[in-house]
Amino acid sequence: HGFVCAWFLGLCYIMIIPMNATALCLVFRTVSGGILQFGFHYTFAGYDVYFGEVVLALVALAVFAWVNSLGVNIAGTVQTVFVMLLLGGVLVVLGGAVFSPEVQAKNLLPMFRPNGNILAQVLSVLVIAPWAYVGFDTVPQMSEEANFPHSIVKSIMDTSIVCGGFVYIVLALVSASGFPDGYA
């Protein structure tokens, strides 16, 4: 069991880096209106990949590699700032959703595809669940490297799990309630 678990954990750690780098490009493409869509490079799985977006991903990877090479204290501070920005952004999204007429609870219906295999629908969500939780294991690792007292490690871990759960739940609910069923 340990061998299989170690391999899957290793694959998660290896794959999370390119997944986040490509996700950054997707978010930037949506937010910026495609200003980095120049220098057509190739098509992968029906998706056009542009040179400008590849450069963005590589620069982001280089910046985060450099920050992490500066040491655990500096990397921890930068990561804390990014976590606070993430939580702040999620609160802004939640506030905007509460006051938006477009976001309605009825858009969450149907909870499952009508006449669909409910078990298959639940499993399709559970398949991505391990990716959502990659990173929570960094709390005990960080606590050892940063010499946190063991008495506060549990509260740090509990807080990170609650905050992470809050972020995932709010973003999923806002996304699902903002778009009616069948929205492409």
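Here the structure is shown first, and the text comes after it.
Residues numbered from 1 in each chain as written. Predicted model: local features only at pLDDT ≥ 70, side-chain atom pairs only at ≥ 80, totals over all residues. Heavy atoms only, no water.

We now examine helix 2 (residues 51-69). Compared with an ideal rise of 1.5 Å per residue, which puts 19 residues at 27 Å, helix 2 spans 27 Å between its outermost C-alpha atoms and is within 8% of the ideal. Taken together, the buried positions of helix 2 are occupied by Gly 52, Glu 53, Ala 57, Ala 60 and Val 67. Across the axial projection of helix 2, the buried residues extend over an arc of 145°, all falling on one side. What points out from helix 2, more than 90 degrees from its buried face, is the exposed set Leu 58, Trp 66 and Ser 69. Packed against the buried residues of helix 2 are helix 1 (2-32), strand 2 (47-50) and helix 3 (72-99). Looking at the residues trailing helix 2, positive phi occurs at Gly 71, about 125°. (Helix = DSSP H or I, 4+ residues; strand = E, 2+ residues; numbered from the N terminus. Expected span 1.5 Å × (residues − 1). Buried < 20%, exposed > 50% of the residue type's maximum accessible area, 1.4 Å probe, protein only. Arc of directions from axis to C-beta. Contact = heavy atoms within 4.5 Å.)

Structurally, Arg 29 is set in helix 1. At 2.9 Å, the side chain of Arg 29 forms a polar contact with the backbone oxygen of Asp 48. Not counting residues up to four positions away in its chain, the partners in contact with Arg 29 are Gly 34, Gln 37, Tyr 47, Asp 48, Tyr 50 and Glu 53. (Polar contact = N/O pair within 3.5 Å; in protein donor to acceptor, adjacent residues only side chain to side chain.)

This paragraph deals with unusual backbone geometry. Most peptide bonds adopt trans geometry, and most residues besides glycine take a negative phi value. In this structure, Ala 45 takes a positive phi of about 55° despite not being glycine. Ala 45 gets classed as exposed once you look at its relative accessible area, which sits at 76%.

A contiguous nonpolar surface patch, about 800 Å² in accessible area, is contributed by Phe 38, Phe 51, Val 55, Val 59, Val 63, Phe 64, Val 81, Phe 82 and Leu 85. Elements that contribute at least two residues to the nonpolar patch include exactly helix 2 and helix 3. Structurally, the position occupied by Phe 82 is in helix 3. Note on Phe 82: relative accessible area 41%, which makes it partly exposed. (Patch = residues over 30% accessible without salt bridge, like charges linked within 9 Å, V, L, I, M, F, W, Y side chains within 5 Å. Areas by Shrake-Rupley, 256 points an atom, 1.4 Å probe, with all protein chains shown as cover. Salt bridge = Lys/Arg side-chain N within 4 Å of Asp/Glu carboxyl O.)

Quick look at the pairing of strand 2 now. As judged from the four bridges shared by strand 1 (residues 40-44) and strand 2, these two strands associate in the antiparallel manner. Following the sheet pairing, Phe 40 is matched in strand 2 by Tyr 50. Joining the antiparallel neighbours strand 1 and strand 2 is a turn of two residues, in which Ala 45 adopts a positive phi near 55°. (Pairing = 2+ DSSP bridges.)

So yeah, pure geometry; function would need other evidence.
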